[in-house]
Amino acid sequence: MPRPVTLVTGASAGIGAALARVFAAKGHEVALLARRAQQLTTLADSIESAGHKRPHILAIDLARADASTRIDDEMRGRDLEPQYVVNNAGFGLLGRAAELDRSEQLAMIDLNIRVLTDLSLRFVDSLARQRGGILNVASVASFLPGPGMAVYHATKAYVLSFSEALHHELAPQGVRVTALCPGPVVTEFQA
């Protein structure tokens, strides 16, 4: 039987790193996922030095088309399966939608929506087997349109709506789905 882990995306900084620390402190075996290996290693060292089990490091760029398959393969290769999936990875762009780079905005939609959806659905069987759940990081931006960040607000509205619907759909399988909607937090996101 594979070992259950809490998979945290966007774990190299900010909210993702904070959530990884919380899960580790609560006794979860954690798998840290982000594209920046050095930051993941630093976080893993910090969690381990705090007396918790050393996290697994998955240095994978979620912008790659094969990212979800690579995550699945890495997890299987390490005899791990998600008990919890924390979909935290994402980014936003500031500016008028018609003036921002269209390819960057489409990349934001891809990461904030497609990847989150893929990872939420890809591991449903293991989440049900482990009686686990999904934590999707949305935003207070989920609740209203955002001129000056139109596409970002729209992606977060999707995250909230999808999470609420998935909560009802997966409840009979014992899988809990939650959307976290933080307000402004001082992280790398503002940079």
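One numbering rule holds for all chains: residues counted from 1, following each sequence as written. In keeping with the model being predicted, local features are shown solely for residues with a pLDDT of at least 70 and side-chain atom pairs are shown and tallied solely at 80 or more, while totals for entire chains, interfaces and linings include all residues. As a rule here, side-chain values come from all non-hydrogen atoms in the structure, and water together with hydrogens is ignored.

Further remarks concern the sheet that holds strand β5 (residues 133–137). Spatial ordering of the open sheet is given by β3-β2-β1-β4-β5-β6, a layout of six strands whose pairing is parallel. The open sheet has two edge strands, β3 (56–59) and β6 (176–180), and neither has a second partner. On average, each strand axis in the sheet is tilted by 25° relative to the strand beside it, whichever way the strands run. For β5 and β6, the ladder comprises five bridges, and the chain directions are parallel. Its bridge partner lying in β6, Asn136 is registered against Ala179. Contact criterion: two residues are considered in contact whenever any of their non-hydrogen atoms come within 4.5 Å of each other. In this analysis an axis means a line fitted to C-alpha atoms, helices contributing only their contacting stretch, and an angle means the value between N-to-C directions, from 0 to 180 degrees. A run of H or I in DSSP becomes a helix once it reaches four residues, and a run of E becomes a strand once it reaches two; helices and strands are each numbered from the N terminus. Along the sheet face, helix α3 (residues 67–77) touches β1 (3–9), β2 (30–34), β3 and β4 (80–87) and points at about 140° away from the line of β4. By definition, two strands form a pair when at least two bridges between them are found by DSSP.

One can describe the packing of helix α4 (residues 102–122) onto helix α6 (residues 150–170) by two numbers: an axis separation of 9 Å at closest approach and a directional angle of 10°. Looking at the two axes, α4 sits roughly parallel to α6. Taking contact as the criterion, the partners of Gln105, Met108, Ile109, Asn112, Ile113, Leu116, Thr117, Ser120 and Leu121 in α4 are, on α6, Val151, Tyr152, Thr155, Lys156, Tyr158, Val159, Phe162 and Leu166. Of the residues in the contact of α4 with α6, the class split is eleven nonpolar, five polar and one charged. Angular relationships are summarised with four words: roughly parallel below 35 degrees, roughly antiparallel beyond 145, roughly perpendicular across 65 to 115, and oblique for the angles in between. Each residue is assigned to one class: nonpolar for Ala, Val, Leu, Ile, Met, Phe, Trp, Tyr, Cys and Pro, charged for Asp, Glu, Lys and Arg, and polar for all the others, Gly among them.

The next point concerns the pattern of salt bridges. Salt bridge, as used here: a side-chain nitrogen of Lys or Arg that lies within 4 Å of a carboxyl oxygen of Asp or Glu. Overall, the coordinates contain eleven salt bridges when judged by the stated rule. Here Arg129 and Glu81 are joined by a salt bridge, their closest N and O atoms 2.8 Å apart. One end of the pair, Arg129, is in helix α5 (residues 124–129); the other, Glu81, is in strand β4, with 48 residues separating them in the sequence. Exposure classes here rest on a 1.4 Å probe applied to the protein chains alone. A residue is buried below 20% of its type maximum, exposed above 50%, and partly exposed in between. What makes Arg129 partly exposed here is its relative accessible area of 45%. Among the residues examined, Glu81 registers a relative accessible area of 6% and is labelled buried.

Another aspect to go through is the nonpolar core. Here, nonpolar core refers to any group of buried Ala, Val, Leu, Ile, Met, Phe, Trp, Tyr and Cys residues whose side-chain atoms link them within 4.5 Å. Counting residues in hydrophobic clusters, the biggest one holds 29 residues, and the most contacted among them are Leu7, Leu58, Leu62, Ile71, Leu119, Phe123 and Leu170. Not counting residues up to four positions away in its chain, the partners in contact with Leu119 are Thr9, Leu62, Ser68, Ile71, Val85 and Asn87. Leu19, Phe23, Leu43 and Ala44 belong to the second largest nonpolar core, which has 17 residues in total.

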